[in-house]
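# Close look at the chain arrangement
Residues per chain are reported as follows:
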Amino acid sequence: MSKERVLTGIRPTGYLHIGNYFGATRNFLRMQDDFDCFVFVADWHSLTTHPDTSELQNGVRRVLAENIACGLDPEKVTLYIQSDVPEIAELYLYLNMLAYKGELEKTTTFKEKVRQHPDNVNAGLLTYPVLQAADIVIHRAGKVPVGKDQEQHLEMARNFAQRFNFRYGNGDIILPEPQAFSYDGGDLVKILSLNGEGKMSKSENEMNTLYLADDDEMIRKKIMKSKTDQGPETENSIKPDYIENLFTLMKLVSTADTVAYFEEKYNQSSAGNCVIRYGDMKKQLAEDMIAFIAPIRQKANEMLQNKEYLATVMKAGRDKARASASETLRVVRRAIGVTYY
Ligand code: TRP
């Protein structure tokens, strides 16, 4: 039996951080063995908010290199660039006729982006969810791993697919409705920024986010100045969220023994004084984080030096993606009736 198809897109803006790694990338790595995976770089989507393309080429190569360095295998996964597959744009056009202005204007991400970029409320921004739907249904992917912020887009993709089938399917399901996918009931690890204010970010709060591109010294510096306090006042205290966050990070990159050691210190007191020394904990965390990030960073940097290799990966991905996309488009065109000879 053929494997079920899973698809996801990554925007090429900003740097991958460890919140992305443990939230999303790690799941892709698992999926590539279990499913027929399609992963692409959403460069068209980035144009909706980043009209200046001077950083686009670097951004696209970096996303590819970092994901491959993390373990995404271009031999297993169909890994491609969105703009290499023009079939997506044609399907986007057809779906646009089935998307209503009112529902697009009500989309949460649209409203947010209007607030952020009031001087660039372009039609591409409005129809962002339609392009995303085209990305998904062009390969007739049944599953999409999504975080909370993308659930509404996926629901819209289902609506557009359903409308298409209703209008043009003549009783058949031409475009399957994509479902949200997650492992373990969707309990994703949440990683806060190192100052405890919000999540780590691809493009903001940079000194409190750990990027896969950070060098050893930078990792050390960020962790050593992360937010802590005087320490717990009584034994077995509840941890404030910024302390819990350091433990979360430690659980992800340190050994179980190391975590247990600091948990024990956290829960102990001696003559009314807390035992844990956050400075020691941070030093240990910094070294373990460096051991985790450094090999990924080095691999990614090597790949970024080797444009030929990345080009080979992109072309192979493009060919596989276009084969699947043109097959869908053929059926779509026939269903709509835009076939004249
Ligand atoms: N909108 C997604 C994001 O902001 C990126 C994306 C584009 C995507 N097309 C997609 C994700 C298709 C999943 C499926 O992260």
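Since the model is a prediction, treat every value here as computed from it, not as a measurement.

Conventions adopted
Sequence order as written defines the numbering, with residues in each chain counted from 1. Local features in this predicted model are restricted to residues whose pLDDT is 70 or higher, and side-chain atom pairs enter the listing and the counts only when it is 80 or higher, whereas totals over whole chains, interfaces and linings include all residues. The side-chain numbers reported here are obtained from all heavy atoms of the structure, hydrogens and water having been left aside. A cutoff of 4 Å decides nearness: a residue is near a molecule or strand if any of its heavy atoms lies inside that distance of it. Whenever a nitrogen or oxygen atom comes within 3.5 Å of another N or O atom, the pair is scored as a polar contact, on the condition that within protein one atom can donate a hydrogen and the other can accept it, and that pairs from neighbouring residues in sequence are kept only if both atoms are in side chains. Secondary structure elements are taken from DSSP: a helix is a run of H or I of four residues or more, a strand is a run of E of two residues or more, and numbering for both begins at the N terminus. As a working rule, the residues Ala, Val, Leu, Ile, Met, Phe, Trp, Tyr, Cys and Pro are called nonpolar, Asp, Glu, Lys and Arg charged, and the rest polar, with Gly in that last group. Relative accessibility decides the category of a residue: with a 1.4 Å probe and only protein chains considered, values under 20% of the type maximum give buried, values over 50% give exposed, and everything between is partly exposed. Note that the arc is defined by the directions from the helix axis to the C-beta atoms. Two residues form a contact once any of their heavy atoms are found within 4.5 Å. Aromatic pairs are defined between Phe, Tyr and Trp rings, using the six-membered ring for Trp, whenever the two ring centres lie within 6.5 Å; interplanar angles under 30 degrees are classed as stacked, those over 60 as edge-to-face, and all others as tilted. Charges are assigned to positions over rings by a cutoff of 6 Å between ring centre and Lys NZ or Arg CZ, combined with an angular limit of 35 degrees from the ring normal. Residues belong to one nonpolar core when they are buried, are Ala, Val, Leu, Ile, Met, Phe, Trp, Tyr or Cys, and are joined through side-chain atoms within 4.5 Å. Those domain boundaries reflect an automatic or database domain assignment. Whenever a carboxyl oxygen of Asp or Glu lies within 4 Å of a side-chain nitrogen of Lys or Arg, that contact is scored as a salt bridge. The pocket and cavity definitions rest on a 1 Å grid over protein atoms only: a 1.4 Å probe that fits but cannot leave marks a cavity, an open set with protein on both sides within 12 Å along at least five of seven lines marks a pocket, and residues lining either have an atom within 4 Å of a point. Grid points are joined across faces, edges and corners, and a volume is the space filled by probe spheres set on the points. Buried area, as used here, totals the accessible surface that two parts lose on assembly, with accessibility defined by a 1.4 Å probe and the loss added over both.

Now for the site of the ligand. Lining the immediate environment of the ligand, one finds 13 residues, of which Arg-11, Tyr-128, Gln-132, Asp-135 and Gln-150 sit closest. The contact in question runs from a nitrogen atom of the ligand to an N or O atom on the side chain of Gln-132, over 2.9 Å. Between the ligand and Gln-150, the relevant distance is 3.0 Å, taken from a nitrogen atom to a side-chain nitrogen or oxygen of the residue. Listing elements by their share of the shell around the ligand, those giving two or more residues are strand S1 (5-10) and helix H8 (128-137). Of the residues forming the shell around the ligand, the biggest block, four residues, is contributed by H8. When grouped by side-chain class, the residues that make up the shell around the ligand number six nonpolar, five polar and two charged.

Taken together, the buried positions of helix H4 (residues 86-96) are occupied by Glu-87, Ile-88, Leu-91, Tyr-94 and Leu-95. Each buried residue of H4 sits inside an arc of 120° when the element is viewed along its axis, so together they form one side. Against helix H2 (43-47), strand S3 (78-81), H8, helix H9 (151-168) and helix H14 (307-336) lie the buried residues of H4.

What follows concerns the packing of aromatic side chains. By the definition in use, this model includes eleven aromatic pairs. Centre to centre, the rings of Tyr-15 and Tyr-211 are 6.1 Å apart; their planes meet at 70°, and the pair counts as edge-to-face. Here Tyr-15, found in the loop between S1 and helix H1 (18-34), pairs with Tyr-211, found in the loop between strand S5 (179-181) and helix H10 (216-224); they are 196 residues apart in sequence, far enough to count as distant. The partly exposed category is assigned to Tyr-15, whose relative accessible area is 40%. With relative accessibility at 6%, the residue Tyr-211 sits in the buried group. Cluster of aromatic residues (ring-pair linked, three or more members): Tyr-21, Phe-22 and Phe-292. Sitting over the face of the ring of Phe-247, Lys-239 holds its NZ or CZ atom 4.5 Å from the ring centroid. Against the face of Tyr-266 rests Lys-239, its NZ or CZ located 5.2 Å from the ring centre.

A few words on the nonpolar core. Formed by 59 residues in total, the largest nonpolar core has its most connected members in Ile-18, Met-31, Leu-210, Leu-249, Met-281, Leu-285 and Met-289. Residue contributions to this core peak at twelve residues, all from helix H13 (residues 278-305). A domain-level breakdown of this core finds at least three residues from each of domain 1 (5-190 + 307-336) and domain 2 (214-301). Among all residues touching Met-289, those that are not within four sequence positions of it are Ile-18, Leu-210, Ile-219, Ile-223, Leu-249 and Val-253.

On to the pattern of salt bridges, then. Two side chains of opposite charge can pair, provided their charged atoms sit close to one another. Evaluated as defined, the whole model comprises 16 salt bridges. Notably, a salt bridge pairs Asp-36 with Arg-5, separated by 3.0 Å at the nearest N-O pair. In this pair, Asp-36 is assigned in strand S2 (residues 36-41) and Arg-5 in strand S1, connecting sequence segments 31 residues apart. Residue Asp-36 is classed as partly exposed on the basis of its relative accessible area of 24%. Among the residues examined, Arg-5 registers a relative accessible area of 25% and is labelled partly exposed. The shortest N-O distance in the salt bridge between Arg-333 and Glu-90 comes to 2.8 Å. In this pair, Arg-333 sits in helix H14 while Glu-90 sits in helix H4, placing the two residues 243 residues apart along the sequence. Its relative accessible area of 33% is what places Arg-333 among the partly exposed residues. Relative accessible area serves as the criterion here: at 22%, Glu-90 is assigned to the partly exposed category.

For the rest of this paragraph, the subject is the layout of surface pockets. Computed from the structure, the second largest pocket encloses a volume of approximately 160 Å³. If you tally residues by element for the lining of the second largest pocket, the top one is helix H3 (residues 56-70), at four residues.

On to the domain arrangement of the chain, then. Split by domain assignment, the chain resolves into domain 1 (5-190 + 307-336) and domain 2 (214-301). The partner domain 2 presents twelve residues to the eleven residues of domain 1 that form the contact. Summing both sides of the interface, domain 1 and domain 2 together bury roughly 830 Å²; the carbon and sulfur share of this comes to 80%. Among the residues domain 1 hides against domain 2, the three largest losses belong to Ile-18, Phe-22 and Ala-69. Together they make up 56% of the total. Here domain 1 is connected to domain 2 by zero residue pairs in polar contact (both at pLDDT 80 or more). Counting only elements with at least two residues in the side of domain 1 that touches domain 2, the list comes to H1 and H3. Its residues assigned to classes, the side of domain 1 that touches domain 2 comprises seven nonpolar, no polar and four charged.

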